Structures are given as structure tokens and as C-alpha cells.
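A structural walkthrough
Here is how the chains run, residue by residue.
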Amino acid sequence: MAEKITILCCREVQSSMADSVHKLISEKIAALGLESHFEVLVNAIRCKSTGSEFAFRGLRHNLQDIKSFEGATICWVEEAVNVTEESWDVLDPTIRLENSEIWIGFNTDMEDDYTYRQFVLGADDDTTLVEVSYLDNPLLSATMLKQAEKMRLKNPEKYRHIWGGQPRRAREGGVFTTEKISIIDAAPADLVEVRGWDFAGTEHDPKKPGKDPDWTVGARMGRTPGGRFVVTQMVRMRGKPHEVEETLVRTANNDGFGVEQDIPQDPGQAGKHQVQYFVSKLAGMRVNASTESGDKVTRAEPFASQVNVGNVDFVRGSWNDAALKELEGFPNEDHDDIPDAMGRAFRRLLEPQEMQMLRVMGL
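Residues numbered from 1 in each chain as written. Predicted model: local features only at pLDDT ≥ 70, side-chain atom pairs only at ≥ 80, totals over all residues. Heavy atoms only, no water.

What about the overall build of the chain?
- Along the chain, the regular secondary structure elements total eleven helices and 14 strands.
- Over its C-alpha atoms the chain spans a radius of gyration of 28 Å, topping by over 25% the 21 Å that the globule rule assigns to 363 residues.
- If you line up the chain on its principal axes, its C-alpha atoms span 85 × 45 × 30 Å.
- Considering the chain as a whole, with its 363 residues, one finds that 43% of them fall into the buried category.
- For the chain, contacts bridging at least 24 residues in sequence account for 69% of all contacts bridging at least 6.
- Accessible surface computed for the chain: about 19700 Å², of which carbon and sulfur atoms make up 51%.
- Taking the average location of the 43 positive side-chain charges in the chain and that of its 59 negative ones, the two points are 5 Å from each other. (Helix = DSSP H or I, 4+ residues; strand = E, 2+ residues; numbered from the N terminus. Rg over C-alpha atoms; globule rule 2.2 N^0.38 Å. Buried < 20%, exposed > 50% of the residue type's maximum accessible area, 1.4 Å probe, protein only. Contact = heavy atoms within 4.5 Å. Areas by Shrake-Rupley, 256 points an atom, 1.4 Å probe, with all protein chains shown as cover. Lys, Arg positive; Asp, Glu negative; His and termini not counted. Charge placed at Lys NZ, Arg CZ, Asp CG, Glu CD.)

A closer look at the environment of Tyr116
- Assignment of secondary structure puts Tyr116 in helix α4 (residues 114-121).
- C-alpha of Tyr116 to C-alpha of Arg11: the two residues are 105 residues apart in sequence and 16 Å apart in space.
- With near-sequence residues (within four places) excluded, Tyr116 lies in contact with Phe106, Thr108, Met110, Glu111, Leu121, Gln166 and Pro167.

Quick look at the packing of helix α9 (residues 296-308) against helix α11 (residues 337-350)
- In the contact formed by α9 and α11, the axes pass within 9 Å of each other and the chain directions differ by 70°. The angle between the axes of α9 and α11 places the two elements in the roughly perpendicular class. Here α9 and α11 pass one another in a crossing that is left-handed. Touching Lys296, Arg299, Pro302, Phe303 and Gln306 of α9 are Asp340, Met342, Gly343, Phe346 and Arg347, all from α11.
- In the contact of α9 with α11, the residues fall into four nonpolar, two polar and four charged. (Axes fitted to C-alpha atoms, helices over the stretch in contact; angles between N-to-C directions. Parallel < 35°, antiparallel > 145°, perpendicular 65-115°, else oblique. Left-handed = near helix turned anticlockwise from the far one by under 90°. Nonpolar A, V, L, I, M, F, W, Y, C, P; charged D, E, K, R; others polar.)

A few points about the environment of Glu131
- Tracing the sequence through the fold places Glu131 in the loop between α4 and α5 (142-154).
- For Glu131 and Glu35, which are 96 residues apart along the polypeptide, the C-alpha to C-alpha distance reads 32 Å.
- Once residues within four sequence positions are removed from consideration, Glu131 is found in contact with Asp136, Gly164 and Gln166.

Focus on the packing of aromatic side chains
- Scanning the entire structure with this criterion turns up eleven aromatic pairs.
- Ring plane angle 45° and centroid distance 6.3 Å describe the contact between Tyr277 and Phe278, whose orientation is recorded as tilted.
- Note on Phe278: relative accessible area 6%, which makes it buried.
- Through a chain of ring-to-ring contacts, the aromatic side chains of Phe176, Phe229, Phe303, Phe330 and Phe346 assemble into a single cluster. (Phe/Tyr/Trp six-rings, centres within 6.5 Å; stacked < 30°, edge-to-face > 60°.)

Section: the sheet that holds strand β1 (residues 6-11)
- Taken together, the six strands give an open sheet; going across it, the order is β2-β3-β4-β1-β5-β6, and neighbouring strands pair in mixed fashion. Here the strands that pair on one side only, and so sit at the sheet edges, are β2 (38-40) and β6 (101-104). The average angle at which neighbouring strand axes cross in this sheet is 20°, direction not considered.
- Of the pairings in the sheet, the one linking β1 to strand β5 (residues 74-77) comprises four bridges and is parallel in character. Each bridged residue has a counterpart across the sheet, and for Cys9 the counterpart in β5 is Trp76.
- Across the sheet, helix α1 (residues 22-31) lies against β1, β2, β3 (44-47), β4 (53-58) and β5, angled at about 35° from β3, the strand it touches most. (Pairing = 2+ DSSP bridges.)

Notes on the confidence of the model for the chain
- Residue-level pLDDT values for the chain average 86, and 90% of them are 70 or greater.
- Below a pLDDT of 50 lies the segment residues 354-363, which in the model reaches 31 contacts outside its immediate sequence neighbourhood of four places, other chains included. (pLDDT = per-residue confidence, 0-100.)

And the structure:
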């Protein structure tokens with residue numbers, strides 16, 4: 001005789017059986033012609049030959065009741081993205097029979113959702129991850145493929161979430177919303193361009209894998225005569241001071257005289273000396289240097305306003321994904337070098353055009 005097992009089917013909130021997978025399982029039994037083998041009850045489904053049973057529970061309002069299911073062999077958690085940390089703290093140790101399993105299915109929303117962090121980012125040797133997207137759908141139509149491709153080209157971040165099932169990277173209360181950023185294949189020919197810089201003070205040390213220092217970023221941005229902003233290219237690196245200097249000089253030479261280099265000046269005498277040194281290295285180039293004023297969020301808000309209304313484009317490049325990640329996570333993301341560099345270029349582009357020649361302030 002086959003072994004009797006209990007399969008606990010859960011979701012965070014189950015106000016009625018209509019909220020559960022009861023209907024889905026019943027329909028699958030009928031589709032496979034197995035009605036004679038199962039007894040479909042109002043709140044359970046039993047196998048007549050083995051006594052095995054599907055049981056259905058909501059977690060939020062039944063946590064004490066869930067503890068009585070320590071004999072469950074399989075626990076299927078549906079829409080697990082909504083399951084709270086409190087519910088997992090009760091459910092996880094409850095499913096403890098030898099060789100018992102918890103099956104989790106969900107479309108995550110944010111990458112800091114508890115379920116995603118716990119079972120995807122924090123997956124251990126006992127976890128098997130199966131990533132499924134629209135490409136795994138055997139009924140996928142040509143129309144759906146065309147729609148997905150359009151979004152992939154126009155908005156890679158939105159495509160990544162909606163079609164690829166990847167978590168969104170923005171956090172609640174973020175300054176930037178990148179859904180309206182368009183990815184274009186080439187920059188317009190009539191741009192006035194500035195490259196804004198943000199310099200990192202610490203180099204990356206591969207011998208210290210736990211350390212994640214900031215990046216040196218140079219974001220080149222242009223403004224059209226109609227007032228649209230286009231981020232055309234980005235340099236992003238980690239290195240020793242002399243490597244940062246070499247990157248600055250090389251990038252400025254590649255940009256040419258038509259692109260002004262806008263560099264930050266740290267407060268104090270050391271910052272003045274650094275600016276003097278960099279300007280001397282950029283002889284023949286258009287250079288602007290100024291100190292930052294106000295906190296990071298205040299400085300970012302004017303540029304964020306343009307991003308959020310859809311007045312900013314990115315030229316397609318390998319840097320796009322990193323830029324979207326930092327913008328959406330700002331100011332809570334681990335790094336904010338890209339928003340800082342873009343914000344500097346943006347502010348400089350708003351200044352009167354006749355002032356966009358060599359100007360070094362505060363020396």
C-alpha cells in the first residue's frame with residue numbers, strides 16, 4: 001500500500017476556499033480523469049486508496065493551528081511573496097518530518113522582500129531554485145514575444161521585472177522612478193554636453209571580499225535645444241589615485257574640447273590642491289570645479305524631477321543596468337556614485353551657456 005502523506009497548501013491570507021488552490025487541484029484531477037481516485041470535499045481533497053490529503057490554510061490568522069501540521073510531508077506555499085517574516089518563523093520549523101519539503105511559488109516585487117531575501121539571495125545547499133519566465137510557457141504566442149521585445153528595447157528595467165520575473169530594485173520612498181527613462185540607440189547630434197565626475201576615495205582590494213568601496217564615475221550628459229536630457233556615456237572604475245587620474249585625463253581627451261569636464265572640489269586646502277592638480281593635467285580642456293552644497297537628496301531632486309516625468313534618455317550601453325540600479329535604490333542603495341555624477345552634469349547643463357568655458361572656483 002502506498003504511503004499516506006499530508007500536503008499542506010498555504011498562503012498568507014485565505015479568507016475562503018476560493019482564495020486557495022483547492023479549485024486548481026480539483027480541476028487538474030478532473031482533467032487527468034482521476035475523479036474516481038479522489039474525494040473532493042469542501043475544505044479538503046483526499047486520495048481514497050492511501051488516505052493522503054490536501055489541506056488548505058491561511059497563515060496570518062491561523063499560526064497556532066499551523067503548528068499542528070508537524071506531520072505534513074509537503075508544504076506548498078502559494079503567492080509566497082506576501083508571506084511575512086512572522087509567518088515564516090512559525091511555518092519553517094513546523095515542516096520537520098524526515099525528507100519533508102516546502103515548495104514556494106511566487107513572483108517577487110522588490111529585491112528586499114523578505115521571501116526573496118530569505119530563499120533566493122540567502123539560498124543554501126538545501127534549497128533548489130527554479131527560475132521560470134514567459135519563455136518557458138509552451139503556449140507563448142508570436143504576439144507576446146513581440147510585446148516583450150518592444151519593452152526590452154524601450155525599457156530594459158521594466159522588461160526585466162514584468163517579463164523576466166526579476167525583482168524591482170527601487171525601495172519605498174526612493175527619489176528616482178526610472179520607468180519613463182527611454183533607452184535609445186544613438187545620441188542626437190545637437191547636444192551640448194558635460195561630463196560630471198564623482199571621485200572615490202578608496203580603491204578596491206580583492207583580498208578583502210567583504211569590502212565594497214565606492215566607484216569613480218564620469219557621467220556624460222547632454223541637453224537638446226528642446227530641453228531634453230540624454231546620458232550618452234559613462235566611465236566607472238575603481239583604482240589607486242594615479243589610476244583615477246589616468247582615467248580622468250584619458251576620458252577628457254577622448255571627449256574632446258566640446259565636452260566640459262565638471263569635477264567636484266572637496267572642502268579644505270587638500271581639496272583645492274587636488275583641483276589645481278587635476279586642472280593642470282587637463283590643460284587645453286574645458287574644466288569646471290565647484291564644491292557641493294546641501295545633502296545628497298536635495299542635490300538629486302532637480303535631476304530626479306526630470307527623470308520621473310520622462311525627460312531623460314539613456315544611450316544604450318553596458319553601463320545602463322548599473323545606472324538604473326543606483327538611481328532606483330537612491331538614497332538607500334549601497335552606492336550613490338552614479339546619481340552624484342549625473343546630478344553634477346545636470347546642474348552644470350542648467351547654467352547659462354556663455355559661462356560654460358574654463359572656470360575654476362575656490363582656489
